[in-house]
Structure formats: structure tokens, C-alpha cells
Amino acid sequence: MRAQSRILSIALMVSLLLAACGGGGGGGGGGGDNDDNTPDPSPVPPPPPMETTFSLSGTLAAPGSQAVDSDTNDPTREAIGNNTLATAQPIGNPVTLGGYVNVPGAGAPGRSTDTGDVEDFFRVDLLAGQRITMLVADFQQADADLYLYDTQGNIIDFSIATGEVESLTIEEDGTFLVNASAFAGATNYILAIGNTELAGSTRFSPLDVIPWEAVVKYRDGAGGKASAAAALERGFDMRQLGGGPERYRLMALRARQVAAQTQNKRLGRASGKMQYIKDEALRSRWQTLLAIKSLRDDPMVEAAEPNYRVQPFATPDDEFFSLQWHYPLISLPAAWDTTTGDGVIVAVIDSGVLAGHPDLQGQFVDGFDFIQDPDNSLDGNGIDPDPTDPGAPIGGSSSFHGTHVSGTVAARGGNGIGLTGAAFGARVMPLRALGVDGGTTYDVGQAVRYAAGLPNDSGTIPQQTADIINLSLGGSAFSQANQDLFAQVRDAGIPVVAAAGNEAGTDPFYPASYDGVISVSAVDSQRRLASYSNRGPQVDVTAPGGDNGVDLTGDGFPDGVLSTGGALDDGGLNFVYSFLNGTSMAAPHVAGVLALMVSINPNLAPADIDALLVAGSLTEDLGDAGRDDLFGHGLINAQRAVLAALESIGSSPADSPRLEASTGTLNFGAAADSLDLVLRNGGKGDLQVQAIEVSEPWLQVQPVSANAAGLGDYVAAVDREGIAPGVYTATITIDSSVNMLSVRVFMSIGGDLTASDVGVVYILLLDTEDESVINQFVSGGDDGMYPFRFDGVEAGSYEIIAGSDADNDLFICDAGEACGAWLTIDQPIVIELDGDTGGVDFPVDYQVALPNLTGTGQPSAVTETARPLEPRRSDGISRQAAGEHE
């Protein structure tokens, strides 16, 4: 994130080697010849002038699981129409797809502004139980709906709400046509197809909605004016069945025998779809919901909703917990059976927080803002007691880094919304030290001192000091003053956790490399070291940091770490849930696990934790046996850590063995041939794996390093030989002496559907002094690879940000568009250019932000530590209208 771009800057330099020119000279007097009568050498020419401009080049890579609508509003690439059932665009599965739809006359000038791009159709093979989710980017100004057709052209299901999310669940295997349909306005969208149903997302069967009825509330005064109410009711053929003034009314919408002409007028542009709905119950539901959608647009109506026969079927509390693959990977759910971290305080020293986020309300203790420079702080003053994050722009948006880290530590669990933190019973002490231009070691040091109850520039200390300190930041050089500070904090009994860094290097990265600080590297969903993660002798432990470039979990979303976040648009601040990857995301997993341990044994000292870590009591060993430079002492394991904490107080929990797997889903996609699977005992006591069976002959599971009980590392492999193109599923069933579990497997076969594509990508070169765009390169891409090159660039400090522009509003990285930055979106890094530089390679992918499905996503109140944020465009980095195109 931009907030760390200064403190995390690295130099990418190619030195120019200048050949030294030597020349001889002789004594002798002024003549021209030497004493030996040989001619004097020619005069030495001056060295060639130094180069003053340089080239900068690299390649962007789009994930194989991502695709793009073939006829967006961006005219740079030739459109391939997908507007009819007959021209449906083939896509793979699982997939994350970015698209754009608009009604005629709506949206930014572009290919489809005048004529409209009302319908996008996609042909895809789907499996029973899979989920289709459409995120409507501009839902506040536009309305888009989701339809599912069979191959005969019949509508068999739909989701036609007016909010940000439309979703469907597939009932049976087959080939289907998925339709994104514009109802009003113009909008980007993300279409995610995968295996996970979102808890809390509402889906109704045809019997759930009572046909021809609506629950309606008129705006104040409207229902009291008989003529106005009568006009509204005539316009919608409504009559009142119940309710009354100033409250909700039960309204009958119309009789079934209403003429098609009247019906079509009410249903508007969507009326053309009626011919494709053959099932009478499904058609009644559709007509009812469309009429309610139209009612909501009427200025006299405050609210309108269906009259449901039953409640939506029961779902788990936290909507997106099924997308938090990173928690089962480290056995967190098993650990929560013992503790959730009650009473522990974790200091998160970062960019500040959004205290009003619905999933974080009540999860904070008082914090502080230690940013000295008002220009860097963006809050108009220096240090103050308000740690609110005003948003550090990356092209005008914000990753709200500190909010994301805080959510991984302690987002509230079991509250019916969003997701959960690793230690959701703990509390976060928010300490702001990173601003728009990153931070300084001094400001970070003051925040550390405050957290530990040491004298600091605020002149205050907290009522209760932090039990653990998390630092998802870094990049400074070694400082003896800081080493002394961390030694002092350690002596005070407070463990410090820090991110190992995202430079994919081995050089020491501070503060993670200070003695006494726990340095955390990052792994992906397969427990492989993440490509961006630092490694080296300073790494102590590893944790999930994610990889937004893949979807190996098969849920249709990138395998980043999902946590709390924010998004700024023209209307101000929206609270969302975002996928980020980086060692910044790995560190709070470890901090959360330590919070679980400390809640059991508050007397655990940093030296005790170190000893348990070295003994292997807190981790699963990865890589070379014992400690290694990639994973340190191994992958943090919450259940082992909690059991170690219990043993440290002499407690011996009752035997409760339970077979667990590292994942519930393996997605081979179209390219992977083998994936890892780990079987473990999630409890205490004896457990024996008795059988492992696969449901299909193309799937095999073999042990790699399993123990006598059958627990350990396995590899699952697929054989595509002789299998026709399509999407396939299988089940791995593991039976143990205690319980049985299953892992669902997905595999796809299909030539062109495996190609990755996020559309035309605009690569922008930014001057870090004033954030101005110096140059732009336009890359059309080839199988997901987007090369770029800037020539004639003057020496200086630059950042590179890239993204697509599906809506053609000349701003990249909007919601529903691809985005990337060198080195990662989470931590853009400054390029100090003083020579020709190549190899500036980084991913570009869709930045997915999930809304709060069961709530408004808006704060119920402004707390003492939160304040309203200035409205700011989320798409604040503009591209040029034309550019060099490869």
C-alpha cells in the first residue's frame, strides 16, 4: 500500500560500468616527439557523455483463473459480441471474470454508450453445489441482475435484487448459460464461479416468495395523501391487504390475469426475458420481484420487499468464513474450542483503523496517532489520540492496511456478519504510524513505546499495556536505537511479531530481523513459500500470506487473505472485506495465535515462546527438517500452540482426537497435476487413519511423509489422459478411528478456456514527488502476459501502477477492474532509476471487495475514535486516452 511505499522502498539499479581510458605522456620539451624519436600518442579524447535517460521494462502476469468480458466499454481491444444466447462467450470453471454492462445512453463514452450492452452471456460447465456470485461495482447508481439459462434457452434461476451482490447455487451438473443483465445505468461487475456458498447470502426457492404480494412502506406523508397513494396503487395495480399509515403495508400487486401489455410496461426492459421462463412458479416469482424492484425506484416509496413464506434457510454466523481458507490451514477452528483470546490486547502498529467497521466495533481499546508530519498524516495535525485511517491512496483508493491487519487479529466472530479474526475474543490497540508517504522509524518507535507502557511523545501511557505487538511494516536499515528498544520491550515481557517483507530476497529486513523480534514469512494455500516472501536466516516462523494470482481453493475468488477493509467512492466510505496478500497478512496470524496462548497463560514470556518455537511445539515442520531459511521453524499451528500453553500451566486437557485436513477443497483447474494435502490430529489423544478412498479413477492420493498413524503429508494427483473436455469433480474420503471427512476435488480440461485474460492493461509510470503520471504503456496481453517498456525515462524515483479500464472512464483500478503495482498492491515499492532496468515483473488481477451481506455495511454510529471521511474517488488515478499499444 502507498502508506508503506516510502518506508519499504528498495533500489532497482543497473550500474553503468565506464571503461577507464589511460594515456601516456613523456617528458621532453614541447616538441611533439619523444626522446626515442617515436611520435607522441594522439591526444586522449574526452569520455562519451553520460546517459541521462534510461529504459524501464517488465511483464505483468494475470492469473490463470481470471477472464474478461469480451465486449467491455473499452474500445482499445476489438470487441467480440456475447450479447445473445447464440453468441455466449465460453469461460472456464472455477473463474473470476470482470465485465461491464449498460443500458443505452448510460455510462462513460465508449463502445456501448449509445447502443447499450445490456446482456452478457457466458457458456460454462457447472457442477451441482457450485456457487455463482456477481458483485455489482456501481450498485449505488446502477442495477444489474444475474440469470441462469439451460442450453435450450430457458431461464431456470435468477437473482434480481437491487444491491451489490447477486448469487445462485447450481442444482445439478451440466452446461449452462450465465447472464449478466443491465436493469438500469452502467456498471462494472465481477462474476465469480466456484465451489463455496457464502454463508449469510440469501437465496430463495420459488416457494419462499408469495407471488403478487409485497411489503411496502410509503415515505412520510405520501401514504396520508389519498390521491397520491391512489395514483401509486393504480400505477402498480396494488390494493392494500394489511398495515396502515406510517408503517409497513401488505399489498397485493395485481391479479394473475392482468394483460401482458400492462405487465410488460411495468417490467420495462426486462420484460423480454419472460418468454424464456417456462416454469409457472418461477415466472410468478420473477414477475413479483421485478415489480418490487420497480416499486423501490418510485419517489413515494421508502421501502419495498417480498412477503416471504419462510425465512431464508439457516446459515452459519459469519458470512465469509468459508472463504477464510487460511484458518483451517493452521488449525485455528480446533483451537477455538479451548480459547478465543479473551482479555488479551494486541497492539497493531500500522496505518490506523476504521473503528466503525461493523465487524470491528467493540474490538478496540484506546489507541493513538503517532505520525508527526501533518502532510503525511492527511488528518490535518500531528500526533493525536485519534488513530482513524483516512485512507492512503494508491491511485486514489486505499487498502486500509491497518484495518485489514486488525481484522485478521480480532474481527468479531459469531456476530452474523463478515468473517472472524484469529483471536476474536482479543482486543486491538490501534496505533497509527504509517501515512500517505509511509512512516519513519522514529514514529514507529514511539508507537512501540506507547504499546509497552514506556515514555513516549504522547506524554501518556495506556491504561493497560499491550500483551503482544504486531508490526506488518518494515524496510529500514539496522538501527542500534531500535535494537535497544526491542530488547527493552522484550524485557518488559511483550513478544513482538513482524512481517519478514515482500521483496523476495534474503537481505535482513527490519524490524523483523532485530534480535528478539519474531520474523514471519508467508505461504500460500498449498503451504508453499509465497513468491514475494523474504527468506533467510532471520525468519523464525511462517503463516498464511496468500496469493491473489491463483484460486487453488476453487471458490471462485483469489487465494488472498480475506479480512476487513474499506473503499472510498464518490459517496464516501464503504466498509468491505478485501483479499490482500503479503507477509503483512501472515504476521497477524501469528500475533493472533500468540494471543490465544497468552489468554491461557498470561505469564508466558518471550523467552518461553521462543523455547516452544524452537522445540517445534507451535508449528508444523515445512521444508528441510528442523529450522530452515524459508519457513523458519515451520508453519504456525494454533491447536498445537494452545495445547502447549495448557501444558505450560500444568493442565492436561481430556483426550479429544479429531481428524482434520489442511483444506476442504482442491482445485486443479486446467493446469495443475498435483496438489498437497495434509492430514492431522486436531485434538489430543490417539487417532488412526483407516482408509483413504477416491471416487474417480483419474484421481490418486499417495503418502509423502505420513507417520504410523497415517497422519502427515500426502499428494493428490490427477490424470487427464483420455478424458474429454469439461469440468469434473471427485471426492477424497478419509476414514479414521474417530471420524470421517471428505475433500472435494475439481479438475477442468479445455483448450482455450485455460487462457488467462483481464483485458487491455494500462501501465502507468508515476513520479513519486507529485504523484503525476509521467508516461503510459498500453498492453493488449497474450495468454495472461502483459509486457511493457518505457524509454527515455530520466533518473529519479518512480512507482508503477497498472490496471484495466472496462468502463472506459479513463480511470484504472475501479471496482470490477484488474489492478497491480510493483511489487504488490499491498506494498508498492519505489524504483530508484539510474540505469536501464528490466525484470520489473508483477501480477495484475481483479481486486475483489466483498460487502456485508446481512447488513448495510455502514457504521451505526461514529465512535470517539472514528470520524467521517471526506468523499474521494476510488478511481483517482487517471490514464491517458491513447498510448503505445503492444
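Scroll up to find the structure this text is about.
Counting starts from 1 at the beginning of each chain's written sequence and moves along it residue by residue. Local features in this predicted model are restricted to residues whose pLDDT is 70 or higher, and side-chain atom pairs enter the listing and the counts only when it is 80 or higher, whereas totals over whole chains, interfaces and linings include all residues. Side-chain metrics rest on all non-hydrogen atoms present in the structure, leaving aside hydrogens and water.

Comments concerning the overall build of the protein
- Secondary structure counts use DSSP, requiring at least four H or I residues in a row for a helix and at least two E residues in a row for a strand, with both numbered from the N terminus. When its secondary structure is counted, the protein shows 11 helices and 46 strands.
- Partly exposed residues are those whose accessible area sits between 20% and 50% of the maximum for their type, while under 20% is buried and over 50% is exposed, using a 1.4 Å probe and protein chains only. Here the protein, with 886 residues, has 58% of them falling under the buried criterion.
- Any two residues whose heavy atoms approach within 4.5 Å at even a single point are treated as in contact. Here the contacts in the protein between residues at least 6 apart in sequence split such that 74% fall between residues at least 24 apart.
- When the accessible area of the protein is evaluated, it comes to approximately 33600 Å², of which 50% is carbon and sulfur surface. Accessible surface is estimated by sampling points in the Shrake-Rupley manner with a 1.4 Å probe; for residues, cover comes only from the protein chains shown.

With respect to the pattern of salt bridges
- Salt bridges, as used here, are contacts in which a Lys or Arg side-chain nitrogen is within 4 Å of a carboxyl oxygen on Asp or Glu. Inspection of every chain in the model, using the stated rule, returns 21 salt bridges.
- Among the ionic pairs, Arg-285 bridges to Asp-157, the shortest N-O distance being 3.6 Å. Of this pair, Arg-285 sits in helix 3 (residues 280–296) while Asp-157 sits in strand 8 (residues 155–159), and the two are 128 residues apart along the sequence. Assigned by exposure class, Arg-285 and Asp-157 land together as buried.
- Two residues, Asp-791 and Arg-789, come together in a salt bridge whose shortest N-O distance is 2.9 Å.
- With relative accessibility at 45%, the residue Asp-791 sits in the partly exposed group.
- Classification of Arg-789 as partly exposed rests on a relative accessible area of 41%.

Examining the sheet that holds strand 26 (residues 572–580)
- At least two bridges found by DSSP between two strands are what make those strands a pair. With antiparallel pairing, 3 strands are arranged side by side in an open sheet as 25-26-45. The open sheet has two free edges, formed respectively by strand 25 (561–569) and strand 45 (849–850), since each of these has just one partner strand.
- Bridge count between strand 26 and strand 45: 2 bridges; the pairing is antiparallel. Along strand 45, the bridge assignment pairs Ser-578 with Ala-849.

Quick notes on the packing of helix 7 (residues 441–451) against helix 8 (residues 480–491)
- Angular values range over 0 to 180 degrees, each being the angle between N-to-C directions of two axes fitted as lines to C-alpha atoms, with helices fitted over their stretch in contact. Interaxial distance between helix 7 and helix 8 falls to 11 Å at its minimum, and their mutual angle equals 15°. Comparing the axis directions of helix 7 and helix 8 gives the class roughly parallel. Remark: the crossing between helix 7 and helix 8 carries left-handed chirality. Across the interface between the two elements, Thr-441, Gly-445, Val-448 and Arg-449 from helix 7 touch Asn-482, Leu-485, Phe-486, Gln-488 and Val-489 from helix 8.
- Of the residues contributing to the contact of helix 7 with helix 8, the split by class is 4 nonpolar, 4 polar and 1 charged. Roughly parallel means an angle under 35 degrees; roughly antiparallel means over 145; roughly perpendicular covers 65 to 115; every other angle is labelled oblique. Should the near helix be turned anticlockwise from the far one by less than a right angle, the crossing is left-handed, and should it be turned clockwise, the crossing is right-handed. Gly falls in the polar group here, along with every residue not listed as nonpolar (Ala, Val, Leu, Ile, Met, Phe, Trp, Tyr, Cys, Pro) or charged (Asp, Glu, Lys, Arg).

Details of the packing of aromatic side chains
- The rule is short: rings of Phe, Tyr and Trp, with Trp giving its six-membered ring, pair when the centres are within 6.5 Å, and they are stacked under 30 degrees, edge-to-face over 60, tilted in between. Summed over all chains, the structure comprises 17 aromatic pairs.
- A centroid spacing of 5.3 Å and a plane angle of 70° characterise the contact between Trp-336 and Phe-424, whose relative ring orientation is edge-to-face. With Trp-336 in helix 4 (residues 332–336) and Phe-424 in the loop between helix 6 (401–410) and strand 20 (427–432), this pair connects stretches of sequence that are 88 residues apart.
- The exposure class assigned to Trp-336 is buried, which follows from its relative accessible area of 16%.
- Note on Phe-478 and Tyr-510: the rings are 5.7 Å apart at their centroids and 70° apart in plane angle, and the pair reads as edge-to-face. Within this pair, whereas Phe-478 is found in the loop between strand 21 (468–471) and helix 8, its partner Tyr-510 is found in the loop between strand 22 (496–499) and strand 23 (517–523), the two being separated by 32 residues in sequence.
- Given the relative accessible area of 14%, Tyr-510 is considered buried.
- Ring-pair connections join several aromatic residues into one group, and the members of that group are Phe-321, Tyr-327, Trp-336 and Phe-424.

Quick word on unusual backbone geometry
- At the junction of Tyr-510 and Pro-511, the peptide bond is cis and its omega measures out at 15° in the coordinates.
- Relative to the helices and strands, Pro-511 resides in the loop between strand 22 and strand 23.
- Within the chain, Cys-813 stands out as a residue other than glycine whose phi angle is a positive 65°.
- Tracing the backbone through its elements, the reader meets Cys-813 in the loop between strand 40 (796–803) and strand 41 (818–821).
- Take Cys-813: its relative accessible area is 14%, and that puts it in the buried class.

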